[in-house]
Structures are given as structure tokens and as C-alpha cells.
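# Coordinates in review
Residue-level listing of the chains:
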Amino acid sequence: MTPRPIALRGFVLDAPTRHAARGIPDGAILIENGRIAARGTFSEISKLPAAADAEWLGGPDCAVVPGLIDIHAHIPQYPFVARIEESLLPWLKRYIFPAEKNFRAAEARAFAPFFFESLACNGTTLAVLYAAIHEDSAHECFAAAEASGIRAIIGKVMMDRHSYGDLEPDKILPVSIEQTRRLIQRWHGAAGGRLEYAVSPRFAVSCSAEMMRAAADLAREHGTWVQTHLSENHLEIETVRALFPEFPDYTSVYEGCGLLGPKTILGHCIHLSPAERAKLRASGSIIAHCPTSNLFLRSGTMPWDTIVEDGIPFGLASDVAGGPELSMWRVMRSALESQIARSFSTPCRIPFPAEIFHQSTQGAAEALGKGGQLGTLDPGKEADAVLIDLSEIIPSVEKPLLDPATTAEDLLPLLIHRAGPKSTLATLAAGKKIHLRK
Ligand code: GUN
Ligand code: ZN
């Protein structure tokens, strides 16, 4: 049976390029069979034959934006947000490794549905995620993602040294490879392609060269994603230098193990040298920019303008629990504010709101090779969209809340600075409602 069409009414806002946002005041989109069938003014869309049968959501005091994309977060870490430590390595040891070690199948079964609902109520429709090291626990995370209707790229963490403490079978290289292979076979491409696998060697501190090489081979063999962390913190970088003296820098370790490429997502990338950035550019690797986490863990500020000039694909990411919230609006705000703060000590170009929004929608989709299917509200795209209640954002008693002359450039800073879970009325992924505000 074909599903009933859905129509979303509000200020239709998206950012097809990083140079400008695009808006239709009192607009609407029509969704049929999981795809955007039409985008226009409310008056145009409401006259279409399918609009008469459609379930209408929203109204003149709403906005409609593309589903938000979070390209790096950790499922088991979410309950452990806002645990203050001086920096990354002590934070991992004190809070994060014990939390992940305890995230067994039963814990994942109980928690993961809540995690995916939390993503959806923040307007996130595609997330790239780490599970813990345990195979059965990662399996439960995939099952919860499947049930939620969200799009997700997930991987079981791989580590064979400096990790959760005592040795467990999960940390032995051939065991880790076999567990990962089974998860790939079960989940890569599942749920009609909504779910994909990311082979996830945690970072060079926790993985031997043999493990990283085997991980790269496995990803290549199955055409999966790869995710890891790169150049986040100075002590981390020094540790990698000491562990891999045969390589000139951190990026070369991953390059030498075969981990770089257009399906590789590298968290943080704050302190890269020009030579390292050139390696990312040449390999087509993708940066996950995590500004809330970079500030929370006092790691540094990624040079946004340099990454853009170098043409390295990137997307924004919450990096929960390095970042304290799943909200991509909060992450966008932090991206803007951290570059403003950086400009006080280093002359740099501050990104404009449309550019930041683009990197959380179409730009992130393009980085992931999905720019033709996701990222904007163009007809033909898969219908990932968020309906936003502007009465939670615009502090005014005037009705309608928006002046008819309001532009996308006027509305976007309000969303970036003030949107959050309370203002998310509905979230749709592939045309299905995955969150409806109560
Ligand atoms: N580097 C290695 N593991 C992690 C992690 O879990 N979070 C962050 N922020 N950095 C890491
Ligand atoms: Zn991370």
C-alpha cells in the first residue's frame, strides 16, 4: 500500500551551496513515497492534486529545513556528558573507557532506543556513530537504529592496546576482525540501505599497525566506511609519535596502514600540518568537525577557513560525549563562536551562517557522497526534513511571527542561535515521521 502523502508547511529553508541559503516564505514541501515530490509556496503546493489527500503538518509560524547530519558521535557515551577533565587522554581513561566497557548487550538494548529518539528530537536524520567494543552490544545499537527509522552508519570500536584495561577476547586482533566481519555481513546496507557499517579502529593510540591494516583491508573488501580520530590533542599527537617513530606524522600512520580514502571519516583534525592536510585532500578523506567537543575537552579550534581553502570535505559533528549535546544547532552555534574566538588571536575568516548550516546539511551529505539524495529540499531527493516551531525561537507576541519580507539570511541566525529539541515539531527520515513533539 502506498503511504499517504505528507505536506510540511512553513518557511522552507535550505543551503544548496556554501555561499548562500535559500528560502520560501510561507512555503511547503510535498512528500510522496519517501521522496520530496514538490517544493514551492504554500499556495502553489496546496493546489496540487496529491495535497488534498496529504497529512498537513506545520503552518505559517514554522520553518521546514533538511534533516540535520551528525557525522561523529559515540552511542555509549551519551549518559556521561559534561564530565570535566583537563584533557582528552585522562577523560577517556577516567570516564569513557569504563562507560564503554560496561555497555554490554543488555545495556545497549535498554539505552539505544532512547539514544535514537534523542537524535530524532534534535532534528538529526543521519548520524555516523561509534558503538562500544562488544559485538552483541553493537548489534543491539543497529537493531535500535533500524526500529527508529533513522539513517545511521555505525561501527563497533576496535582496539588492541591502551584501552579499557584488562585483556578481553574482544581486544585480540583476529577476534575483533571476525566480530566486525559478522556485523558488516548482518548490517551493512540493511533496512533498504538506511544502515551502513563503519569499520572503527578507535585511534592510533589504541590500535597496533597490524590492527589498522587489517581494518583497512576489511573495509575495502566489503566497501564499508572507516572512522577514526586524528590530531585532536597535543598529548595524543605526542603519544602517536612515540608509538610510531617510523612515520613522519600522525596522518602518515593512517596513510601507511591504508586507512585514508573517500569513505574515511576522521574526527577532529585540529592540529594538522600543511603536509597532513595535503594527504587528506589527495586521498579524499572526510573531516568530522566537532567544535563543542573541541572546546569542552580544551583540545583547540580547528582552522575552518584553512580546511575550506584546502578543499577537504567535511561535516559537523556533536562528538557526544566529548560534546555535551546531540543538537546540531548547538554544534553550529559552537562552530561559529569558536571561529569568532579564534579570530581574536589569529587573523581568520569567520564562517557565515549559511556556510555553517550547509556543512550540517548538503555539505555533509556531499562529503559522504550522498549529495544527490540528501541535504536539501529539492524535489526528487529522499525526504529527510525537520519541522520547526518558530514560536520557541522568536521572542515576539506578533502574529504571524515572520514578516513577509523575511529572508533565509534573516532566519538562519535565529535558528543557529536559538533552535533546539524544544523547537523540533517533527522529524522525517525517508518520508517517515521518526519524531513528533508531544
Ligand atoms: N579519541 C579516541 N577516542 C575518543 C573518544 O571517544 N572521544 C574523543 N573525543 N576522542 C577520542
Ligand atoms: Zn569521537
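See the structure shown above.
Cut-offs used in this document
Residues numbered from 1 in each chain as written. Chains lettered and ligands numbered in written order. Predicted model: local features only at pLDDT ≥ 70, side-chain atom pairs only at ≥ 80, totals over all residues. Heavy atoms only, no water. Helix = DSSP H or I, 4+ residues; strand = E, 2+ residues; numbered from the N terminus. Contact = heavy atoms within 4.5 Å. Areas by Shrake-Rupley, 256 points an atom, 1.4 Å probe, with all protein chains shown as cover. Lys, Arg positive; Asp, Glu negative; His and termini not counted. Charge placed at Lys NZ, Arg CZ, Asp CG, Glu CD. Donors = N, O, S within 2.8 Å, 3.2 Å for Na, K, Ca; no water. Tetrahedral: all angles 85-135°; square planar, octahedral: opposite > 155°, others 65-115°. Buried < 20%, exposed > 50% of the residue type's maximum accessible area, 1.4 Å probe, protein only. Patch = residues over 30% accessible without salt bridge, like charges linked within 9 Å, V, L, I, M, F, W, Y side chains within 5 Å. Salt bridge = Lys/Arg side-chain N within 4 Å of Asp/Glu carboxyl O. Core = buried A, V, L, I, M, F, W, Y, C linked by side-chain atoms within 4.5 Å. Near = heavy atom within 4 Å. Polar contact = N/O pair within 3.5 Å; in protein donor to acceptor, adjacent residues only side chain to side chain. Nonpolar A, V, L, I, M, F, W, Y, C, P; charged D, E, K, R; others polar.

So, on to the overall build of the protein chain. Tallying secondary structure elements over the protein chain gives 16 helices and 16 strands in all. Here the C-alpha coordinates of the protein chain stretch approximately 65 × 55 × 35 Å along the principal axes. Taking the intrachain contacts of the protein chain between residues at least 6 apart in sequence as the baseline, contacts between residues at least 24 apart amount to 75%. Just so you have it, the protein chain exposes about 15,800 Å², and 56% of that area is on carbon and sulfur atoms. Distance from the positive charge centre (43 side chains) to the negative charge centre (50 side chains) of the protein chain: 2 Å.

For the zinc ion (ligand 2), the protein coordination sphere consists of H72 (NE2), H74 (NE2), H229 (NE2) and D319 (OD), at 2.0 to 2.5 Å. Considering all four donor atoms around the zinc ion (ligand 2), the spread of angles at the metal, 87 to 163°, places the coordination shape in the irregular class. Of note, the zinc ion (ligand 2) draws all its donor residues from one chain, in the sequence arrangement H-x1-H-x154-H-x89-D. Remark: H229 occurs in strand 10 (residues 225–230) and H72 occurs in strand 5 (residues 68–74); sequence separation between them is 157 residues. Accessibility classification places H72 together with H229 in one group, the buried group.

Turning to a nonpolar patch on the surface, a few remarks are in order. A cluster of nonpolar side chains, namely I340, F344 and I350, defines an oily patch on the protein surface of about 300 Å² accessible area. Relative to the assigned elements, F344 resides in helix 13 (residues 328–345).

Judged by nonpolar contacts, the single largest core of 115 residues is most densely connected at L13, F116, L129, Y254, W329, L390 and L415. Setting aside anything within four residues of it in sequence, one finds Y254 in contact with F203, A204, M212, T228, H229, L230, L259, L260 and L266. Counting residues in hydrophobic clusters, the runner-up holds 17 residues, among them I71, W225, A367 and L374.

A separate point is the site of ligand 1. Taken together, H74, Q77, L88, W91, L92, R202, F203, H229, E232, H268, L297 and D319 make up the full set of residues adjacent to ligand 1. Take R202: an N or O atom from its side chain is 2.7 Å from an oxygen atom of ligand 1. One of the side-chain nitrogen or oxygen atoms of D319 is found 2.8 Å away from a nitrogen atom of ligand 1. When ligand 1 sits alone it has 280 Å² of accessible area, and the protein chains cover 100% of it. If one sorts the elements of the shell around ligand 1 by residue count, helix 3 (residues 88–101) sits on top with three residues. Partitioning the shell around ligand 1 into residue classes produces five nonpolar, four polar and three charged.

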